[in-house]
Amino acid sequence: MRKETRAKRRFIIWSMVVIILLTAALIGPNFITHDIYEVDLYNVTAAPSREYPFGTDYLGRCILCRLIAGAARSIYSAFAVVIITFIVGTVIGTLCGYIGGTFDMIVMRITDAVQAFPSMVFTIAIAAMMGSGLGNCILAMSAVGWAGYCRIARSRVMSVKEAPYVDAARISGMGKAKILFSTVLPNSLTSLVVYASMHVGNAILSFSGLSYLGLGTAPPFPEWGSMLNSGRATLQQAPWTVIYPGLAIMLIVIVMGIYGDSINKYMDSKNNAKGL
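What comes next concerns the included structure. (Residues numbered from 1 in each chain as written. Predicted model: local features only at pLDDT ≥ 70, side-chain atom pairs only at ≥ 80, totals over all residues. Heavy atoms only, no water.)

1. Some remarks on the nonpolar core
Note the cut-off: Side-chain atoms within 4.5 Å are what join buried Ala, Val, Leu, Ile, Met, Phe, Trp, Tyr and Cys residues into a set we call a nonpolar core. The rule is simple: take the accessible area with a 1.4 Å probe, protein chains only, and divide by the maximum for that residue type; under 20% is buried, over 50% is exposed, in between is partly exposed. Per the convention used, a helix needs a DSSP run of H or I reaching at least four residues, while a strand needs a run of E reaching at least two, with both numbered from the N terminus. We call two residues in contact when some of their heavy atoms are within 4.5 Å.
Among the nonpolar cores identified, the biggest contains 49 residues, and Ile75, Trp224 and Met256 are the most heavily contacted of them. The set of elements that each furnish at least two residues to this core consists of helix 1 (2-27), helix 2 (63-99), helix 3 (101-115), helix 4 (119-130), helix 5 (134-160), helix 8 (189-212), helix 9 (224-231) and helix 10 (240-274). Tallying contributions element by element places helix 5 first for this core, with 10 residues. Once residues within four sequence positions are removed from consideration, Trp224 is found in contact with Leu67, Gly70, Ala71, Ser74, Ile75, Pro245, Ala248, Ile249 and Ile252. Counting nine residues, the second-largest nonpolar core is a separate cluster that includes Tyr98, Val160, Ile179 and Leu180.

Given below as structure tokens:
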């Protein structure tokens, strides 16, 4: 019980941290003090100061203001990818595990083909074919990311559908669709939720990587990956143009990783308490 309490407390604390970060990313642009697009040639690559706490970039724009303005797009785009892949992968994987047969075999071979390549390389290839842009990046990442959810959902459904309570529902005359959505799927979601929470950090990192390569949000709109890319030219003279966007990406990836771990431990402690 003590272990479950600690896990629950940790989960609540990190949930609050994530909510605060998401809220700050959403409302932060209302509090920026400098125009994120205005070029100021008199303050090009200015060092951090009271007026510019994180310094300025190669066009004299405030790095802190641009980080705040780009936070929502960087973070919420990753959440969009996770939501899309979660829904698509879960639906397909659930159908594979429940129906089986030829449909399952065909989908699993497609999943094998998707996962045969390194995910980032495959994503870059798809994004390059579709062209740069936020929407294309989300679609490219979604086209690769669904496979992981599909495998987990299929595995969980194949295990759950043999459980005694599913047999009892079947014997009672409950239809296949109702058994699937009211009994099998709800009892298969725990592993998927944990995987999704871990996936957010990877999605942010991948999205920043695509923007760094010029396949994401086009300048001059601030996005953390594109800010890293534009800061390369001034790395030696003004390292802060790269350091602060890199720290922002690292911070959010670490927070989401710890949050995913807290969800995992909380779910495990609940299952252990129930004797599962």
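The discussion continues.
2. What about helix 9?
Extensive coverage of helix 9 is indicated by the burial of six of its eight residues. Turning to helix 9, its buried residues number three or more, namely Trp224, Gly225, Ser226, Met227, Leu228 and Gly231.

3. Focus on the environment of Pro186
Its location among the elements puts Pro186 in the loop between helix 7 (176-184) and helix 8. Separated by 68 residues in sequence, Pro186 and Pro118 have C-alpha atoms that sit 31 Å apart. Excluding its chain neighbours within four sequence positions, the residues that come into contact with Pro186 are Leu180 and Phe181.

4. Re a nonpolar patch on the surface
Inclusion rule: For patch detection, residues must exceed 30% relative accessible area and be free of salt bridges, and they are connected within 9 Å for like charges or within 5 Å for nonpolar side chains (Val, Leu, Ile, Met, Phe, Trp, Tyr). Accessible surface is estimated by sampling points in the Shrake-Rupley manner with a 1.4 Å probe; for residues, cover comes only from the protein chains shown. By salt bridge we mean one thing: a side-chain nitrogen of Lys or Arg within 4 Å of a carboxyl oxygen of Asp or Glu.
On the surface, Ile83, Ile84, Ile87, Val88, Val91, Leu95, Ile99 and Phe103 cluster together into a nonpolar patch covering about 660 Å² of accessible area. For the nonpolar patch, the element with the most residues is helix 2, which contributes seven residues. Within the secondary structure, Val88 is located in helix 2.

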